[in-house]
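# Notes for the structure review
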Amino acid sequence: MKRTHMCAEVTAEDIGREIVVMGWVQKRRDLGKLIFVDLRDRTGLLQIVFKDELDKELHDKAVQIRNEFVIAVRGTLENREVINPNMATGNWEVIVSELRILSKAETPPIHIEEDSDTSEATRMKYRYLDLRRPNMQRNLILRHKVAKITRDYFDENGFIEIETPILIKSTPEGARDYLVPSRVFPGRYFALPQSPQLFKQILMVSGFDRYIQIAKCFRDEDLRADRQPEFTQIDLEMSFVDVPDVLEMNEGFLKRVFSEAIGVEVQTPFQVMTYSEAMDRFGSDKPDTRFGMELIDVTDIVKNTSFKVFSGAIENGGSVRAINAKGCGPKFSRKQIDALTEVTKTYGAKGMAWIVVEEGNIKSSFTKYLSEDETQQILKKVNAEPGDLICFVADTNKVVFDSLGHLRLDIAQKTNLIDESKVNFLWVTEFPLFEFDDEEKRWVATHHPFTAPMDEDIPMLDTEPGKVRSKTYDIILNGVELGGGSVRIHDQELQKKIFKLIGFSDDEAQKRFGFLLEAFKYGTPPHGGLAFGLDRMIMLMAKCSSIRDVIAFPKVQNSSCPMTGAPDLVDEKQLKELHIQQVEMDDE
RNA sequence: GGCCCAGUAGUUCAGUCGGUUUAGAACGCUAGCCUGUCACGCUAGAGGUCGAGGGUUCGAGUCCCUUCUGGGUCGCCA
């Protein structure tokens, strides 16, 4: 038998024709002398019918059919006696003349249906069954579409797709590397790439002008709902560009891919916000701009207050800021406000001060320590109205931003403040070039050591490196970091200066990135690029809450794969070839 | 490494204060009946290491300790 149609692709024109369809048995309804089977393939369902009166032998065979059997049927497509309006192919059915049971099936541990409520553990172990579910199939088909549109768009804009190696040299900064032992060189290791960063810059030196790759990347760090140890980036790099060129090209890409893949039309150019503005207004470098509740700085008002929690934080160089949860006063009990305090403590706050505004009265955890004037000034500054719940954190700026930024999201979620239909793209730009690493007591590159400083900030490299802004940009969608990149340094003298600032001696720089520095000696175009997290992009497009749902075979939280049992022990012989000896671990 | 949630039939769950003969329900599964079902229906039945180990107790699915598994999160992720 040769298949003529996919299940859901039959049309009215096929009525009366003999067709052959193949697939899995979704559901069997055995009425005795009449058996209905819903046959499923990638496209959907089609009802097939076995009638005892037409062919006794065929009917007896059909009695054996069970869920998830793989069968092939030949038959005639007919109009149904009773139409099912809830089914795409509900007008028709196949009157079967020939049946082949291609494969039997045991009762599956996962029911194949649109919304499974099966546990993650079972889904991961039986991933092949989980992937039979229509929504999982849709997710992976969407992923395929996005990959295709990506290649089309960048191809049309002069980008060349080039593969970079998976076995590379370890570069110590950044995330923990996955290592691969060398058989040929005892004691030496390849690393798996955390991103193709250095290779794509070298491709610019090679003159390819524009590079694109849908690249697998690896980072040996702990997992999250939106983080897997191996993940996929849409990675690109362009020559002879500055920041606006990169932004424009990628806005075009996002506009196109959202339109073609999911029919969502977005306006370009996107909103652009500097890092410093994002932190100030939202306490986050990836603000969700679908709602307000922005941070309000009350430091000036309480600078000289006798309330030590506030004045002490300010004396130590910190600040006091608030968010006003409009109308949330009556919605939160004391117990729930305590829960909000716990949220802020997660991010290092020592506590949270609050005011509930009532008609002609306020309830508060702290205003008794303030003067009447200070309280009134605060209420005015935060635009307090009856019904408002105002939350304050006083600490270092880092803790204040972190805790209030997350508290803002937490309250918005709890009170359904977020308009889920919004698609808010946002560029966050001008991240600081350096951060001070308290442990190592030195400046480290915020993005990576090849990121260019803003031209006008270059003079500050010598005086105030912490204030130097960089030519960086992150693309944020509804509070999720979708990607980021930068314009790179192409000037050798400037590069040397940066290395020096982050405490790399010439020797060290040579040892770590020598090949790149060597390449830069032979004529380097100005260049910059960006990488999108493909998994996250698909997750948001498919409205999933975990990237596991858009990856065919993801890892679970401890980075293992329950389906295959990886990672696993290997033969002693394999280890010997790789010059690896197992060391007994001490249990302490 | 820390904190939080969950683990009882193939699946999803209920199981009260530690005590009610044999740990229940729904779906699924098995068998029989059924000619227009599509949440098919009806009848009967099978199915349990209550994640594992230890402890407390006259008595543990229930309390305590340890551990495993899955999830969320902080740290981590240039």
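In case you missed it, the structure is sitting above this.
Residues numbered from 1 in each chain as written. Chains lettered and ligands numbered in written order. Predicted model: local features only at pLDDT ≥ 70, side-chain atom pairs only at ≥ 80, totals over all residues. Heavy atoms only, no water.

### Description of the overall build of chain A
How we decide: Under the scheme used here, helices are H or I runs from DSSP no shorter than 4 residues and strands are E runs no shorter than 2 residues, and both carry numbers assigned from the N terminus. Relative accessible area decides the class of each residue, using a 1.4 Å probe on protein chains only: under 20% of the type maximum gives buried, over 50% gives exposed, and in between gives partly exposed. Working rule for contacts: check all heavy atoms of both residues, and any pair within 4.5 Å makes them a contact. Computed by Shrake-Rupley with a 1.4 Å probe, the accessible areas treat only the displayed protein chains as cover when residues are assessed. Note on charges: Lys and Arg go in the positive column, Asp and Glu in the negative column, and His and the chain ends are not counted at all. Think of each charge as sitting on NZ of Lys, CZ of Arg, CG of Asp or CD of Glu.
Within chain A one finds 17 helices and 22 strands. The principal-axis extents of the C-alpha atoms in chain A amount to approximately 95 × 75 × 55 Å. Taken across its 588 residues, chain A has 48% of its residues classed as buried. For chain A, long-range pairs separated by at least 24 residues make up 67% of all intrachain contacts whose partners lie at least 6 apart in sequence. On chain A, roughly 30,500 Å² of surface is accessible, and the fraction owed to carbon and sulfur atoms is 49%. Taken together, the 77 basic and 96 acidic charged side chains of chain A have centroids lying 3 Å from each other.

### Here's the deal with the layout of surface pockets
Note the threshold: Cavities and pockets are defined on a 1 Å grid built over the protein atoms alone: a cavity is a set of grid points where a 1.4 Å probe fits but cannot escape, while a pocket is an open set with protein on both sides within 12 Å along at least five of seven lines, and lining residues are those with an atom within 4 Å of any such point. Grid points are joined across faces, edges and corners, and a volume is the space filled by probe spheres set on the points. Only Asp, Glu, Lys and Arg are considered charged, only Ala, Val, Leu, Ile, Met, Phe, Trp, Tyr, Cys and Pro nonpolar, and every remaining residue, Gly among them, polar.
Quantified by volume, the second largest pocket comes out at close to 830 Å³. Along the walls of the second largest pocket sit 22 residues, with Y178, L179, P181, P567 and D568 positioned nearest its centre. Where the lining of the second largest pocket is concerned, the elements lending two or more residues are β7 (179–181) and α17 (572–577). Here the residues of the lining of the second largest pocket sort into 15 nonpolar, three polar and four charged.

### Description of the protein's contact with RNA strand B
Quick reminder of the rule: The cutoff for a nearby residue is simple: one of its non-hydrogen atoms must lie within 4 Å of the molecule or strand. Any N or O atom pair separated by 3.5 Å or less is treated as a polar contact, with the protein-specific requirement of one donor-capable and one acceptor-capable atom, and with residues adjacent in sequence counted only for side-chain atom pairs.
RNA strand B sits among 47 residues. The nearest are K27, D30, E93, T446 and H447. D30 is positioned with one of its backbone polar atoms (N or O) 2.3 Å from a base nitrogen of RNA strand B. Contacts to RNA strand B include A445, whose backbone N or O atom sits 3.2 Å from a sugar or linking oxygen. Going through the elements one at a time, β1 (18–30), β2 (34–41), β3 (44–51) and α2 (120–125) are the ones with two or more residues in the surface near RNA strand B. Of all the elements, β1 adds the most residues to the surface near RNA strand B, at three residues. Of the residues assigned to the surface near RNA strand B, the class counts are twelve nonpolar, 17 polar and 18 charged.

### Thoughts on the sheet that holds strand β6 (residues 160–161)
Convention followed: Strand pairing is assigned whenever DSSP identifies at least 2 bridges connecting the two strands. Axis angles are defined between N-to-C directions and span 0 to 180 degrees, where every axis is a line fitted to C-alpha atoms and, for a helix, only to the segment in contact.
Pairing is mixed in the open sheet, where eight strands are placed in the order β6-β9-β10-β22-β21-β20-β17-β11. Edge positions in the sheet fall to β6 and β11 (271–274), since each of these pairs with one other strand and no more. Pairing geometry for strand β21 (residues 480–487) and strand β22 (residues 527–533), over five bridges, is antiparallel. Each bridged residue has a counterpart across the sheet, and for S486 the counterpart in β22 is G529. Across the face of the sheet, helix α4 (residues 134–156) comes into contact with β6, β9 (210–218) and β10 (230–239) while running at roughly 150° to β9.

### A few points about the nonpolar core
General note: in soluble globular proteins, nonpolar side chains tend to be found buried as a group. Put simply, the test is: Residues belong to a common nonpolar core when they are buried Ala, Val, Leu, Ile, Met, Phe, Trp, Tyr or Cys residues joined through side-chain atoms within 4.5 Å.
With 58 residues, the main nonpolar core has L254 and M537 as its most contacted residues. Here this core gets nine residues from one element, more than from any other, and that element is helix α6 (residues 243–262). Excluding residues that lie within four positions of it along the chain, L254 makes contacts with F270, F425, I475, F532 and M537. By size, the runner-up hydrophobic cluster in this structure holds 26 residues, among which are L295, V343, F401 and A412.

### Quick word on unusual backbone geometry
Of the consecutive residues T268 and P269, the connecting peptide bond is found in the cis state with omega at -5°. For P269, the location among the structural elements is in the loop between α6 and β11. Across the junction of A566 and P567, the peptide omega takes the value -5°, indicating a cis bond. Backbone geometry places N416, a non-glycine residue, at a positive phi of 50°. Looking at the secondary structure, you find N416 in the loop between α12 (397–414) and β17 (425–429).

### Observations regarding a nonpolar patch on the surface
Rules: Candidate patch residues must exceed 30% relative accessible area and have no salt bridge, after which like charges are joined if within 9 Å and Val, Leu, Ile, Met, Phe, Trp or Tyr side chains if within 5 Å. A pairing counts as a salt bridge when a side-chain nitrogen of Lys or Arg comes within 4 Å of a carboxyl oxygen of Asp or Glu.
Residues I166, L167 and F190 make up a contiguous nonpolar surface patch of about 250 Å² in total accessible area. Looking at the secondary structure, you find F190 in strand β8 (residues 189–191). A relative accessible area of 34% means that F190 is categorised as partly exposed.

### Brief notes about the sheet that holds strand β5 (residues 92–103)
The strands that make up a sheet pair up through hydrogen bonds in the backbone, lying either parallel or antiparallel. Spatially, the five strands close up into a barrel ordered β1-β2-β3-β5-β4, and their pairing is mixed. Pairs of neighbouring strands in the sheet enclose a mean axial angle of 55°, with direction left out of account. Taken together, the six bridges between β1 and β2 define a ladder with antiparallel strand orientation. Opposite R28, over in β2, you have V37 as the bridge partner.

### Some remarks on the packing of helix α10 (residues 334–346) against α12
To keep things clear, this is the line we draw: Orientation is classified from the angle alone, with under 35 degrees giving roughly parallel, over 145 giving roughly antiparallel, 65 to 115 giving roughly perpendicular, and any other angle giving oblique. The handedness criterion is simple: a crossing whose near helix is rotated anticlockwise from the far helix by less than a right angle is left-handed, and one whose near helix is rotated clockwise is right-handed.
Put simply, α10 and α12 touch, their axes get as near as 8 Å, and they point 140° apart. Classified by the angle between their axes, α10 and α12 sit oblique to one another. Both α10 and α12 take part in a crossing whose hand is right-handed. Residues L340, V343 and T344 of α10 touch α12, and the partners they reach there are S403, L407, D410, I411 and K414.

### Structural notes on α12
Selection criterion: Multiply 1.5 Å by the residue count of a helix minus one, and that product is the helix's expected span.
Its 18 residues give α12 an end-to-end C-alpha distance of 25 Å, which sits within 8% of 26 Å, the value for a rise of 1.5 Å per residue. Those residues of α12 that fall on the buried side of the exposure criterion are V399, V400, F401, S403, L404, G405, L407, R408, D410, I411 and A412. The inward-facing, buried residues of α12 contact α7 (275–282), β12 (295–297), β13 (319–325), α10 and β16 (389–395). Residue N416 follows α12 closely and has a positive phi angle near 50°.

### Quick word on the environment of Q26
Mapped onto the elements of the fold, Q26 is located in strand β1. According to the relative accessible area criterion, Q26 is buried, its value standing at 17%. Excluding residues that lie within four positions of it along the chain, Q26 makes contacts with D38, R40, L45, N67, E68 and I112. Within the structure, the side chain of Q26 is placed 2.5 Å from the side chain of R40, a separation counted as a polar contact.

### Some points on helix α16 (residues 534–541)
Counting buried residues along α16, seven of its eight residues qualify, which places the element largely inside the surrounding structure. Turning to α16, its buried residues are L534, D535, R536, M537, I538, M539 and M541.

### Here's the deal with the environment of I160
Inspection of the secondary structure assignment puts I160 in strand β6. Judged by its relative accessible area of 39%, I160 is partly exposed. C-alpha separation for the pair I160 and R334, spaced 174 residues apart in sequence, amounts to 59 Å. Beyond its immediate sequence surroundings of up to four residues, I160 is in contact with F208, R210, Y211 and I212.

Worth remembering: the numbers are spatial, not functional.
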